[in-house]
Amino acid sequence: MATLDRIDRTDQGVLRFLTAGSVDDGKSTLIGRLLHDSKAILADQLAAIERTSRQRGQALDLSLLTDGLVAEREQGITIDVAYRYFATPRRKFIVADAPGHEQYTRNMITAASTAQLAVLLVDARKGVVAQTKRHATLAHLLGIPHLVLAINKMDTVGYRQDVFVAITDAFARFANDCGIIAATQALPLTALDGDMVVERGAHLGWYEGPTLLDILETAPIPDTPASLPFRFPVQFVARMSGTERGYMGRVESGSVRLGDEVAVLPGGHATRIRDIRSVESQRSIARRHDNVTLFVDDPIDIARGDMLVRKDEAAVTSKIVEATLSWLDAAPLDLARTYRLRHTTRDVRARVRRIDSRWNVNTHAADPAPATLAINDIGRVVLDLAEPIVADLYEANRSIGRFILVDEATHGTVAAGMIRQGSAAAING
Amino acid sequence: MNAVSLHHLAWLESEAIHILREVAGQCANPALLFSGGKDSLVLLRLAEKAFRPARFPFPLLHVDTGHNFPEVIEFRDRRVAELGERLIVRTVDESIAQGRVVLRRATESRNAHQAVTLLDAIAEFGFDACIGGARRDEEKARAKERIFSFRDEFGQWDPRQQRPELWDLYNARVHAGEHVRVFPISNWTELDIWQYIDRERLDVPSIYFAHPRRVVRRRNAWVPVTELTPARDDERTQTLSMRFRTVGDITCTAPVASTALTVGAIIAETAATTITERGATRLDDQTNDASMELRKRAGYF
């Protein structure tokens, strides 16, 4: 039974990727094609979109698979990031589908925050446009290590290799100019007919590289480097039997062993690891990604928001943080206001002291000293915090060097931040 | 960069444990919705992994439609007793008695009415977070929902006003009267659920396995013949080998033809199926292309 192959035998884990493109680049069609050709679409879903396509007097429109909400179908647009799932015998895929037009930066940042690879769609007739550059730069900003330039609608340019080559060259020049260091793979495809999506098709014989699915199945899954120091943000303090307290959390990087001396930051109290437990077992070591409960020797006060680090590894705490800030809210950044900054499990009050520059999405240059940041703006800022945080840089440790800002009045999430170089200097200055 | 290798179930489990602990850390008064169905059984296992040997930092809440399969309720009570955790049950029948739910027909589906009972329970106990077993692969409207999904003081979900959700920095802050719904298994598929049940050797209610059941064929679906859902005069009752892929309100949950007697056999059937879980088993979702979205806006889980 061929379909049984969909049960994993050689499970290579989960790849999270995003798809981004301009309006009408055929992104929804591409995702629909990927789901359809990898057999992730089931008969009743297919029947539903056949019915809708027929009502609209169209041929089967695979893009309908990803148009979720009533408001979207009425307007023929996509409002928000949608998540799709499919699996092949090799791995499970989580697709974040970021719409191209409305609030593009906000949606793209949201999708990119969890993605390990980005598929950027380009219309072969239009080539690399402003939106392509924007998406590539945002993917770079969030540190996505792998870009796939999917040059779509090859049927509309006669499947010509020179068109493909000209577009990939233009993108390479742009990437080089902007310092985009992500590994980039380009491929030609026709999402509408499925050429080079899952099947190779009959029209692109000159292209000898992998299909899109081949790329997705074999792309290396980036991981936190093993060499990073131990970081354990305390999520929840559980009272065990009697007065014993267990500190629950996930090891974000590094590792810790029984008996290791640890510091509780930002306070700085020192103690030793007495016990490491998970529901299945007692352990002698906790490594990155492990959800564990830690017990320590001394009855010191440890609360959610504290971070355990190893005494023999460096950790810098700071009340001044330099960051790239992506503003996501309709109400612009107000320098007079205080926001809640969420960093790992820690909540501190924060104010933006100054905005050093704003990234101009059209010129890709930095506008110096803007008055504010509005929705979809990205800027370089300096923040003052009411209490210190462990200010690891985003480049070095993605899971520690990031934060969100929450509006104290509405409780909405208003900005995403990445801690940048300069934070360490700011501490001394 | 190292290439990783968390098996996909280990990855999903790790994400869910982290989410459950975030609820415990951020919310003052959460509850976990537990129906006895397979998704909520997986949630309970994940809660054990997150919090044992401590007690769960939240009670379990079941919104009982009164239209249950008896096997599922027995199973629910047995599981709760094994865990030694607190279960709160609130029923749609109480909501009807209070005049909060008005039925058009005595035997109509109570699936949508659950929202009233749920919101009343949230108000009664002052819950600021409700943890549920919904998955994004179930339905198109769910595909766009956050893991921490904000609800206003009327319990409504507004897809245009969702909070951006970055990385795994979840925002559970609410004002009094508002709450968040939290979906730790958002990224799981039906197949993942069964693979996890297999890996963890979890018990599930017997009606998930193939058993002889009296059914009639109605509009492309098998409808179980029960006191609440009798056969119509022109329908022919048959006894066939069936199982349920989902268990909910008896009046709108349909079984599928199956011979699967083990979790392994269910995994094989799930991997080979050509129909979605909701398409095969939920009679109420097909009334309107957008019926789930409309119900969710009104506070449905």
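Residues numbered from 1 in each chain as written. Chains lettered and ligands numbered in written order. Predicted model: local features only at pLDDT ≥ 70, side-chain atom pairs only at ≥ 80, totals over all residues.

**Quick look at the overall build of chain A**
Okay, step 1: Secondary structure summary: chain A contains 8 helices and 22 strands in total.
Okay, step 2: For chain A, buried positions account for 49% of its 429 residues.
Okay, step 3: Expressed as a percentage of contacts within chain A between residues at least 6 apart in sequence, the contacts between residues at least 24 apart total 71%. (Helix = DSSP H or I, 4+ residues; strand = E, 2+ residues; numbered from the N terminus. Buried ≥ 20, exposed ≤ 12 C-beta atoms within 10 Å, placed from the backbone. Contact = placed C-beta atoms within 7 Å.)

**Details of the overall build of chain B**
Okay, step 1: When its secondary structure is counted, chain B shows 9 helices and 10 strands.
Okay, step 2: Per-residue burial over chain B gives 51% buried out of 301 residues.
Okay, step 3: For chain B, the share of sequence-separated contacts (at least 6 apart) that also reach a separation of at least 24 residues comes to 75%.

**Notes on the sheet that holds strand S3 (residues 87-91) of chain B**
Residues and elements named next belong to chain B.
Okay, step 1: On the basis of which strands lie adjacent, the open sheet formed by 6 strands has the order S3-S2-S1-S4-S6-S5 and mixed pairing. A strand with exactly one partner marks an edge of an open sheet, and here the two such strands are S3 and strand S5 (148-151). Strand after strand, the sheet turns through a mean of 30 degrees between neighbouring axes, direction not considered.
Okay, step 2: Bridge analysis of strand S4 (residues 129-131) against strand S6 (residues 179-182) gives 3 bridges, and the strand direction is parallel. Paired with Ile131 across the bridge in S6 is Val182.
Okay, step 3: Its contacts with the sheet place helix H5 (residues 114-125) against strand S1 (30-33), strand S2 (60-64), S3, S4 and S6, and it is angled at close to 145 degrees to S2. (Pairing = 2+ DSSP bridges. Axes fitted to C-alpha atoms, helices over the stretch in contact; angles between N-to-C directions.)

**A few points about helix H3 (residues 70-83) of chain B**
Residues and elements named next belong to chain B.
Okay, step 1: Its 14 residues place the ends of H3 20 Å apart at the C-alpha level, agreeing with the 20 Å of an ideal helix rising 1.5 Å per residue.
Okay, step 2: Val72, Phe75, Arg76 and Arg79 are the residues of H3 that are buried. Buried residues along H3 cover an arc of 105 degrees about the axis, so they all sit on one side. Facing away from the buried side of H3, by more than 90 degrees, are the exposed residues Pro70 and Ala81.
Okay, step 3: Tucked into the core, H3 has its buried residues touching helix H2 (38-51) and S2. (Expected span 1.5 Å × (residues − 1). Arc of directions from axis to C-beta.)

**Focus: the pairing of strand S2 (residues 82-87) of chain A**
All names here are of chain A.
Okay, step 1: The buried count for S2 comes to 6 of 6 residues, which makes it a mostly enclosed element.
Okay, step 2: Alternating residues of S2 divide into Ala82, Arg84 and Phe86 and Tyr83, Tyr85 and Ala87, and every residue in both groups is buried.
Okay, step 3: By the bridge criterion, 6 bridges tie S2 to strand S3 (residues 92-97) in an arrangement that is antiparallel. Each bridged residue has a counterpart across the sheet, and for Tyr85 the counterpart in S3 is Ile94.
Okay, step 4: Remark: 4 residues form the turn of the hairpin made by S2 and S3, two consecutive strands paired antiparallel.

**A closer look at the domain arrangement of chain B**
Residues and elements named next belong to chain B.
Okay, step 1: Here chain B is partitioned into domain 1 (8-188 + 290-297) and domain 2 (192-287).
Okay, step 2: Every element with two or more residues in the side of domain 1 that touches domain 2 is listed here: helix H1 (8-26), H2, H3 and helix H9 (291-297).
Okay, step 3: Sort the elements by how many residues they give to the side of domain 1 that touches domain 2 and H2 lands first, with 5 residues.
Okay, step 4: For the side of domain 1 that touches domain 2, the class distribution of residues is 9 nonpolar, 9 polar and 8 charged. (Domains from an automatic or database assignment. Nonpolar A, V, L, I, M, F, W, Y, C, P; charged D, E, K, R; others polar.)

**Some thoughts on the nonpolar core**
Okay, step 1: Within the largest apolar cluster, 182 residues are counted, with the highest numbers of intra-cluster contacts made by A:Phe17, A:Ala112, A:Ala118, A:Leu120, A:Ala150, A:Ile151 and B:Leu32.
Okay, step 2: Setting aside residues no more than four positions away along its own chain, A:Ala118 makes contact with A:Phe17, A:Leu18, A:Ala20, A:Ala112, A:Ala139, A:Ile144, A:Leu147 and A:Val148.
Okay, step 3: Counting 5 residues, the second largest nonpolar core, distinct from the first, contains B:Ala210, B:Val215, B:Met242 and B:Ala254. (Core = buried A, V, L, I, M, F, W, Y, C linked by C-beta atoms within 7 Å.)

**Thoughts on the environment of A:Leu34**
Residue and element names in this part refer to chain A.
Okay, step 1: Relative to the helices and strands, Leu34 is located in helix H1 (residues 27-37).
Okay, step 2: Residues Leu34 and Ala191 lie 157 residues apart in sequence; the distance between their C-alpha atoms is 8.4 Å.
Okay, step 3: Among all residues touching Leu34, those that are not within four sequence positions of it are Val197, Val198, Leu212 and Leu213.

**Side note on the pairing of strand S9 (residues 238-243) of chain B**
Every regular strand shows the same layout, with side chains that alternate between the two sheet faces.
Residue and element names in this part refer to chain B.
Okay, step 1: Taken together, the 5 bridges between strand S7 (residues 211-218) and S9 define a ladder with antiparallel strand orientation. Bridging across to S9, Pro212 finds its partner in Ser241.
Okay, step 2: Pairing between S9 and strand S10 (residues 256-257): 2 bridges, direction antiparallel. Residue pairing for S10: Arg243 is matched across the bridge by Val256.

**As for the domain arrangement of chain A**
All names here are of chain A.
Okay, step 1: Per the domain assignment, the segments of chain A are domain 1 (2-218), domain 2 (232-310) and domain 3 (317-428).
Okay, step 2: Computed from C-alpha atoms alone, the centre-to-centre distance between domain 2 and domain 3 is 29 Å.
Okay, step 3: Counting residues at the interface gives 10 residues for domain 2, matched by 11 residues for domain 3.
Okay, step 4: Residue composition of the side of domain 2 that touches domain 3, grouped by class: 5 nonpolar, 3 polar and 2 charged.

**Focus: the sheet that holds S9(B)**
All names here are of chain B.
Okay, step 1: An order of S8-S7-S9-S10 is seen for the 4 strands of this open sheet, with the pairing classed as antiparallel. A strand with exactly one partner marks an edge of an open sheet, and here the two such strands are strand S8 (221-224) and S10.
Okay, step 2: Looking at chain direction, S7 and S8 are connected through 4 bridges and run antiparallel. If you follow Val215 over to S8, its bridge partner there is Pro224.

**Concerning the confidence of the model for chain A**
All names here are of chain A.
Okay, step 1: When pLDDT is averaged along chain A, the result is 87, and 88% of the positions lie at 70 or above.
Okay, step 2: Per-element confidence in chain A is highest for strand S17 (residues 339-343), whose mean pLDDT is 98, and lowest for helix H8 (residues 423-428), whose mean pLDDT is 45.
Okay, step 3: Predicted confidence for residues 1-9 stays below pLDDT 50, and this span has 17 contacts to residues more than four positions away or in other chains. (pLDDT = per-residue confidence, 0-100.)

**A closer look at the environment of A:Glu313**
All names here are of chain A.
Okay, step 1: In this structure, Glu313 sits in the loop between strand S15 (307-310) and strand S16 (317-327).
Okay, step 2: Owing to 15 C-beta atoms within 10 Å, Glu313 belongs among the partly exposed residues under this scheme.
Okay, step 3: Taking the C-alpha atoms as reference points, Glu313 and Gly254, separated by 59 residues in sequence, lie 9.9 Å from one another.
Okay, step 4: Not counting chain neighbours up to four residues away, the residues in contact with Glu313 comprise Pro229, Phe230 and Gly254.

**Some words on unusual backbone geometry**
Okay, step 1: Cis rather than trans, the peptide bond between A:Leu265 and A:Pro266 has omega equal to 10 degrees.
Okay, step 2: Locating A:Pro266 in the fold gives a position in the loop between strand S10 (261-265) and strand S11 (269-277).
Okay, step 3: The phi angle at A:Tyr159 is positive, at roughly 55 degrees, despite the residue not being glycine.
Okay, step 4: Structurally, A:Tyr159 is set in the loop between strand S5 (146-152) and helix H6 (161-178).
Okay, step 5: Even without being a glycine, B:Arg201 presents a positive backbone phi close to 50 degrees.
Okay, step 6: Turning to its location among the elements, B:Arg201 is positioned in the loop between helix H6 (190-200) and S7.

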